[in-house]
Amino acid sequence: MNIEPASSFEARVARHAALADPARLRIVDLLTLGDFSPTELQAELGMSSNLLAHHLRTLDDAGLATRHRSEGDKRRSYLRLAAGALDGLVPGAVQGAERVLFVCTRNSARSQLAAALWRQASSIPSVSAGTHPADHIAPGAVEAARRHGLDLPDQAPRSLDDVAGAADFVVTVCDNAHEELAGLRGIHWSIPDPLRLGTREAFDRAFEDIARRVTDLAPRVTAA
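Residues numbered from 1 in each chain as written. Predicted model: local features only at pLDDT ≥ 70, side-chain atom pairs only at ≥ 80, totals over all residues. Heavy atoms only, no water.

Turning our eyes to something else, we now look at the overall build of the protein chain. The secondary structure content of the protein chain amounts to 10 helices and 8 strands. Rg of the C-alpha trace for the protein chain: 24 Å, well past the compact-globule value of 17 Å for 224 residues, more than 25% over. The C-alpha extent of the protein chain, read off along each of the three principal axes, is 75 × 35 × 30 Å. Here the protein chain holds 224 residues, and 42% of them are scored as buried. Counted over contacts in the protein chain with a minimum sequence separation of 6, partners at least 24 positions apart contribute 68%. As displayed, the protein chain has an accessible area near 12200 Å², and 50% of this comes from carbon and sulfur atoms. (Helix = DSSP H or I, 4+ residues; strand = E, 2+ residues; numbered from the N terminus. Rg over C-alpha atoms; globule rule 2.2 N^0.38 Å. Buried < 20%, exposed > 50% of the residue type's maximum accessible area, 1.4 Å probe, protein only. Contact = heavy atoms within 4.5 Å. Areas by Shrake-Rupley, 256 points an atom, 1.4 Å probe, with all protein chains shown as cover.)

Shown next, in the form of structure tokens:
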């Protein structure tokens, strides 16, 4: 699996290390709201000037904060959050893909929901399949999707053998499928089977879990 370049990873490590100190994390929290002079930060934090200077140097070295002179009192300076400072805390692109393939056992709920949600979040094509496909999509999945403003495509579950392509980026959304396909390259989301309980709440929980994961993953997968 491809990951971000080493230089980007090292920069992210440095930023996380800088933020591991509670005082520096608090300074960055304040800077997300606006600019502060060192004197103002001292008052907010109840910290000596020497210790504050140490923390500010660390934040500057990690690319999290910058300093500029006041246009009024030239002896005064202001700290601001560096442009893109917090972007560096987000993991980089994880994979290039021609298509994303979501897999569960029956291809009747979780994988169908994931593929449909992916189509809303990314321009990279998506498809779903099952290791042992059911005869039809679970009504609970259709109803949960509809409650959340999503229409599932009207298609029967399909077998993994009939759908999988060599260039697919595979996401298993079912523990059984993941363990059955041990050694298959890709990633796994351990999402409880809503059919076990069969309740509205179980399908809604599965939908919301998948939606959150799709939202987090989509920006990290690039078109191959």
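And the narrative resumes.
What follows covers the environment of Asp 29. Position of Asp 29 relative to the elements: it lies in helix H2 (residues 22-31). The class for Asp 29 is partly exposed, based on a relative accessible area of 38%. Taking C-alpha positions, Asp 29 is 9.3 Å from Leu 81, a pair spaced 52 residues apart along the chain.

This part takes up the packing of H2 against helix H4 (residues 49-61). Orientation of H2 relative to H4, taken along the N-to-C sense of each, is 70 degrees, at an axis distance of 10 Å. One finds that H2 runs roughly perpendicular with respect to H4. Regarding H2 and H4, the two cross each other, and that crossing is right-handed. Contact residues: Ala 23, Arg 24, Ile 27 and Val 28 in H2; Leu 52, His 54, His 55, Leu 56, Thr 58 and Leu 59 in H4. Looking at the contact of H2 with H4 residue by residue, the class counts come to 6 nonpolar, 3 polar and 1 charged. (Axes fitted to C-alpha atoms, helices over the stretch in contact; angles between N-to-C directions. Parallel < 35°, antiparallel > 145°, perpendicular 65-115°, else oblique. Left-handed = near helix turned anticlockwise from the far one by under 90°. Nonpolar A, V, L, I, M, F, W, Y, C, P; charged D, E, K, R; others polar.)

Take the layout of surface pockets next. Taken as a whole, the second largest pocket encloses approximately 170 Å³ of empty space. Per-element accounting of the lining of the second largest pocket gives the leading share, 3 residues, to helix H9 (residues 194-197). Residues that form the lining of the second largest pocket fall into these classes: 7 nonpolar, 4 polar and 5 charged. (1 Å grid on protein atoms, 1.4 Å probe; cavity = no way out; pocket = protein on both sides within 12 Å on 5 of 7 lines; lining within 4 Å. Points joined across faces, edges and corners; volume = space filled by probe spheres on them.)

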